[in-house]
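Letter by letter, the chains look like this.
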Amino acid sequence: NTFMGNQNLNIQGYLAGTVTDGKADDTLAGRVYVNMPNDTFSNYMLYHQINPGFSPEVGFVPRVGLKNSIWNFKYTPRVNIPHIKKIITQPVYINYTTDMDNKLISRTMEFRPFGIETDSGDTFTMNYRNSYDYVEEDFTMFKDTVVKQGVYDWWFYMTVLRTSTTRKLSGLFVAKWGDYYDGTQSDLGSSLTLRTSRHISVSADAGMKTLTVAADEFTTKDYGVRFVYDASTNLNATTFVQYNNFTEKVNVNFRIHWIPKVGSDLYLVYNHMLDEHYEIDNNRFDTIQQAGMLKLDYTYRF
């Protein structure tokens, strides 16, 4: 509480190694993270490296043989403006990923020249983002649109309006427009949450994205509804229903979460997936998968 006065400093890191027959070299992975989350200036830096031979046989790693660096700097001064609590700007955000030979694989840069936070907790931000993607192999998006192998570098705009979750009715609204790979994008998303009491909340999500890629134009749509019942701080139940026109499937998820004591959890989960079939007179949804799961985490302290 005296090292940096009234400023916050958090440093984290890890170093891990694996031992697998036939993989004797480059089996380490590690990360260094430095965060200074303060009121006016917020700054964090991260370096993460996963060597090609790192192989957690009973764990999971999405990709090996990469180096990832992130720098995020925010300036959020408090101002003497009626109803405005803070100005929110982000002069620097860069997420930079290379292979082990320092060849650039992906890069995201974002600038937030303007944003505000109100006294009631509502926020509005305007962002300008750059994406770089090195596509090693052709891949298909939305059924039969092919993105060819190569280097893609594009810019787009994004605005985000988020109302305070302390309100009985709160919402999130996102709009994106600009370039996308070798084409363009127009993306609208919204989410509304109604809290009828301290125990019950209902949410509805909707999104529509129109993309022009490789001379093809298509529109993706997704919808979701979530019901949450918090019986107590130790017991809650959620039901989530989701549909999108890409997979043409409806997914229903039901979960009960019970915390018998701090550090221990019991989950009861049921998933039900339905597939949409187009018929002459109407659409029909047929069950293609059902699954039930029980998970118990128990912590014993001595």
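Further up the page is the structure itself.
Residues numbered from 1 in each chain as written. Predicted model: local features only at pLDDT ≥ 70, side-chain atom pairs only at ≥ 80, totals over all residues. Heavy atoms only, no water.

Student: Describe the nonpolar core, and please don't skip the residues or the numbers.
Tutor: Counting 12 residues, the largest nonpolar core consists of Val135, Met141, Phe142, Val147, Tyr152, Trp154, Phe156, Tyr180, Tyr181, Leu211, Val213 and Phe218. Elements supplying a minimum of two residues to this core: strand 12 (150–162) and strand 15 (200–213). Not counting the four nearest positions on each side in its chain, tyrosine 152 is found in contact with Ser131, Tyr132, Asp133, Val135, Val147, Tyr181 and Asp182. (Core = buried A, V, L, I, M, F, W, Y, C linked by side-chain atoms within 4.5 Å. Buried < 20%, exposed > 50% of the residue type's maximum accessible area, 1.4 Å probe, protein only. Helix = DSSP H or I, 4+ residues; strand = E, 2+ residues; numbered from the N terminus. Contact = heavy atoms within 4.5 Å.)

Student: Explain the layout of surface pockets residue by residue, including any values.
Tutor: Here the largest pocket defines a volume of roughly 270 Å³. In terms of lining, the largest pocket is formed by 20 residues, of which the most central are Asp187, Met208, Lys209, Thr220 and Asp222. Among the secondary structure elements, those contributing two or more residues to the lining of the largest pocket are strand 13 (169–180), strand 14 (183–195), strand 15 and strand 16 (216–232). Class assignment of the residues belonging to the lining of the largest pocket gives a composition of 11 nonpolar, 5 polar and 4 charged. (1 Å grid on protein atoms, 1.4 Å probe; cavity = no way out; pocket = protein on both sides within 12 Å on 5 of 7 lines; lining within 4 Å. Points joined across faces, edges and corners; volume = space filled by probe spheres on them. Nonpolar A, V, L, I, M, F, W, Y, C, P; charged D, E, K, R; others polar.)

Student: Quick rundown of the side chain of asparagine 38? Include the residues and the values.
Tutor: The topology assignment puts asparagine 38 in the loop between strand 2 (28–37) and strand 3 (41–50). Ignoring any residue separated from it by four or fewer positions in sequence, one finds asparagine 38 in contact with Asn6, Gln7 and Asn8.

Student: I'd love a proper account of the environment of glutamate 110, names of residues and values included.
Tutor: Note that glutamate 110 resides in strand 8 (residues 104–118). Residues glutamate 110 and leucine 211 lie 101 residues apart in sequence; the distance between their C-alpha atoms is 21 Å. In contact with glutamate 110, other than residues within four places in its own chain, are Gln90, Val92, Tyr93, Asn127, Tyr128, Arg129 and Met158. A distance of 3.2 Å separates a polar atom in the side chain of glutamate 110 from a polar atom in the side chain of glutamine 90. (Polar contact = N/O pair within 3.5 Å; in protein donor to acceptor, adjacent residues only side chain to side chain.)

Student: Before we move on, can you summarise the pattern of salt bridges with the specific residues and values?
Tutor: Side chains that differ in sign of charge can pair as their charged atoms come close. Applying the stated criterion to the full structure yields 12 salt bridges. The closest approach of N and O atoms between aspartate 39 and lysine 86, which form a salt bridge, is 3.1 Å. Pair noted here: aspartate 39 is in the loop between strand 2 and strand 3 and lysine 86 is in strand 6 (residues 84–87), with a separation of 47 residues, a long-range link. Overall, aspartate 39 belongs to the partly exposed group, its relative accessible area being 34%. Notably, a salt bridge pairs lysine 249 with aspartate 275, separated by 3.9 Å at the nearest N-O pair. In this pair, lysine 249 is assigned in strand 18 (residues 249–258) and aspartate 275 in strand 19 (residues 265–278), connecting sequence segments 26 residues apart. Residue aspartate 275 is classed as buried on the basis of its relative accessible area of 17%. (Salt bridge = Lys/Arg side-chain N within 4 Å of Asp/Glu carboxyl O.)

Student: So what's going on with the packing of aromatic side chains? Which residues, and what values?
Tutor: Inspection of the entire model under this criterion finds 15 aromatic pairs. Relative to phenylalanine 246, the ring of phenylalanine 142 lies with its centre 5.6 Å away and its plane at 35°, an arrangement referred to as tilted. Of this pair, phenylalanine 142 sits in the loop between strand 10 (139–141) and strand 11 (145–147) while phenylalanine 246 sits in the loop between strand 17 (235–244) and strand 18, and the two are 104 residues apart along the sequence. Phenylalanine 142 gets classed as buried once you look at its relative accessible area, which sits at 14%. Their ring planes at 65° and their centres at 5.8 Å tell us that tryptophan 154 and tyrosine 180 sit as a pair that is edge-to-face. A residue pair is termed long-range when its members are at least 10 positions apart, and tryptophan 154 in strand 12 and tyrosine 180 in strand 13 qualify at 26 residues. The same class applies to tryptophan 154 as to tyrosine 180, namely buried. Stacked on the ring of phenylalanine 240, the Lys or Arg arginine 226 has its end atom at 4.3 Å from the ring centre. (Phe/Tyr/Trp six-rings, centres within 6.5 Å; stacked < 30°, edge-to-face > 60°. Lys NZ or Arg CZ within 6 Å of the ring centre and 35° of its normal.)

Student: So what's going on with unusual backbone geometry? Which residues, and what values?
Tutor: Non-glycine residue histidine 83 carries a positive phi angle of around 70°. Within the secondary structure layout, histidine 83 lies in the loop between strand 5 (78–81) and strand 6. A positive phi angle is found at tyrosine 181, which is not glycine, with a value near 50°. Since its relative accessible area comes to 13%, tyrosine 181 is described here as buried.

Student: How would you sum up a nonpolar patch on the surface? Please name residues and give values.
Tutor: Taken together, the side chains of Leu161, Leu169, Phe173, Leu192, Leu194, Val202, Val225, Phe227, Tyr229 and Val241 make up a nonpolar region of the molecular surface, amounting to roughly 780 Å² of accessible area. Of all elements in the fold, only strand 13, strand 14 and strand 16 reach the threshold of two or more residues within the nonpolar patch. With respect to the helices and strands, tyrosine 229 occurs in strand 16. Residue class for tyrosine 229 comes out partly exposed when judged on its relative accessible area of 36%. (Patch = residues over 30% accessible without salt bridge, like charges linked within 9 Å, V, L, I, M, F, W, Y side chains within 5 Å. Areas by Shrake-Rupley, 256 points an atom, 1.4 Å probe, with all protein chains shown as cover.)

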